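# Examining the three-dimensional arrangement
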Amino acid sequence: MKPSLSISVVFPAYNEAENIGQVIASAVNYLSDRQICYEIIVVNDGSSDATPAIVSDLAKQNPQIRLINHPQNLGYGAALRSGFDRALHEYIFLTDGDGQFDIRDLDRFMPYIGNSQPNSQIVIGYRAKRADAFVRSLNAWLYHQFIQWVLGLKVRDIDCAFKLFPRTIYQSVKPITSDGALFSAEFLVRLQQLPNIAPIIELPVQHFPRKFGVATGANIKVILKMFWECWQLKQSCQESAQIQLKPGKLSGINQMR
């Protein structure tokens, strides 16, 4: 049977040698079992461990696995941009390479996309129960409040790394310029600039504790870069005068609980 759906899975990875092999294997098993035409793009963002070597070996065994290599660390947003720009399939699915999400949660996303839908849908996850340590969860909450205040972006979980959307949608909002943690927020804000955009669907997904490696989101350089990029984004939005930046005024968000 010819697959009716094609997906480019994008994994950004920075020093994920202990996680990336299992994450890729889970994705391959899931997509193969459901007869989905796929490619898996791993963006190695300047890892100093064996991440690129592991992905390279897996790519030799499975031509549907591709490695994009950043010789040095360019940031989370830069890694996503590299993966999205080189995606070839109809839909792009973003999730992280750290093993904190279960790709099988895509099953609940599938009814909202495909040829049966009148409009191309954007489906994003929110963590039903966040599994991070208290300090990281607090930082994430403060970041979320800051983004809502500055940009008026009303979604449940801006940075949840579980998003599925048509590749044409990404091409329509390019360029997304944020190299760091603000990439997801900029992507969602830019969506509001598109005419006749279909409602964004938000669905709960599972979230698991990180088993291996170290998260970098609380790094002071990452945080300062986010503030700078947020200021630039707000200035850009104000100058374009194409979106409202007042809380509660953005349209097109449909929360599903």
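Our subject in this report is the structure included herewith. The model shown is predicted, which means the values in this text are computed figures rather than measured ones. (Residues numbered from 1 in each chain as written. Predicted model: local features only at pLDDT ≥ 70, side-chain atom pairs only at ≥ 80, totals over all residues. Heavy atoms only, no water.)

### Things to note about the nonpolar core
This is how it is decided: Nonpolar cores are built from buried Ala, Val, Leu, Ile, Met, Phe, Trp, Tyr and Cys residues. Side-chain atoms within 4.5 Å join them into one set. Burial status follows relative accessibility: with a 1.4 Å probe on protein chains alone, a residue under 20% of its type maximum counts as buried, one over 50% as exposed, and anything between as partly exposed. Here a strand is any run of E in DSSP of at least two residues, a helix any run of H or I of at least four, and the numbering for each starts at the N terminus. Residue contacts are defined here by distance: any two heavy atoms, one from each residue, within 4.5 Å place the two residues in contact.
Grouped together as the largest cluster of nonpolar side chains are 36 residues, with contacts concentrated most on F84, I147, Y170, L188 and L191. Only β2 (37-45), α3 (76-85), β4 (91-95), β5 (122-127), α4 (134-151), α5 (167-173), α6 (183-191) and α7 (220-240) provide two or more residues apiece to this core. Ranked by residues supplied to this core, first place goes to α6 with 6 residues. In this structure, L188 is in contact with I124, L153, V155, I158 and I200, ignoring residues within four places of it in sequence.

### Considering the packing of aromatic side chains
We apply this condition: Only Phe, Tyr and Trp rings are paired, with Trp represented by its six-membered ring, and only when their centres lie within 6.5 Å; those with planes under 30 degrees apart are stacked, over 60 edge-to-face, the remainder tilted. Whether a charge sits over a ring comes down to the Lys NZ or Arg CZ being within 6 Å of the ring centre and within 35 degrees of the ring normal.
Throughout the structure, instances matching the rule amount to 7 aromatic pairs. With a centroid separation of 4.8 Å and 75° between ring planes, the pair formed by F93 and F162 is classed as edge-to-face. On the criterion of sequence distance, the pair formed by F93 in strand β4 and F162 in strand β6 (residues 162-166) is long-range, its members being 69 residues apart. Each member of the pair, F93 as well as F162, is classed as buried. Put simply, the rings of F84, F165, Y170, F183 and F187 touch in pairs and so form one group of aromatic residues. Cation over ring: R156 sits above Y126, and NZ or CZ is 3.9 Å from the ring centre.

### Comments concerning the pairing of strand β7 (residues 200-205)
Put simply, the rule reads: Here, a strand pair is defined by DSSP locating no fewer than two bridges between the strands.
In terms of residue burial, β7 counts as a mostly covered element, since 6 of its 6 residues are buried. In β7, alternate side chains face the same way, and those of I200, E202 and P204 on one face and I201, L203 and V205 on the other are all buried. Sheet topology places β5 next to β7; 6 bridges connect them, and they run parallel. Bridge pairing links G125 to L203 in β7.

### Looking at the side chain of S6
This is how it is decided: Polar contact is the term for a pair of N or O atoms within 3.5 Å; when the atoms are in protein, one must be able to donate a hydrogen and the other to accept it, and sequence-neighboring residues count only if both atoms are side-chain atoms.
With respect to the element layout, S6 can be found in strand β1 (residues 6-13). S6 sits in the buried class, given a relative accessible area of 15%. Here E90 takes part through its backbone nitrogen, which lies 3.0 Å from a polar atom of the side chain of S6. Ignoring sequence-local partners within four residues, the contact set of S6 consists of C37, H89, E90 and Y91.

### A word on α3
With 7 of 10 residues buried, α3 lies mostly within the body of the structure. Regarding α3, the residues found buried are G77, A78, A79, L80, S82, G83 and F84.

### What about helix α2 (residues 51-61)?
The line we're drawing: The arc in question is formed by the directions pointing from the helix axis toward the C-beta atoms.
Those residues of α2 that fall on the buried side of the exposure criterion are T51, P52 and V55. For α2, the angular spread of buried residues about the axis comes to 90°, placing them on one side. α2 presents K60 and Q61 as exposed residues on the side facing more than 90 degrees away from its buried surface.

### Some words on the environment of I40
Note that I40 resides in strand β2. C-alpha separation for the pair I40 and R66, spaced 26 residues apart in sequence, amounts to 6.0 Å. Once you skip the residues sitting within four places of it in the chain, I40 turns out to touch V9, F11, I24, A27, V28, Q64, I65 and R66.

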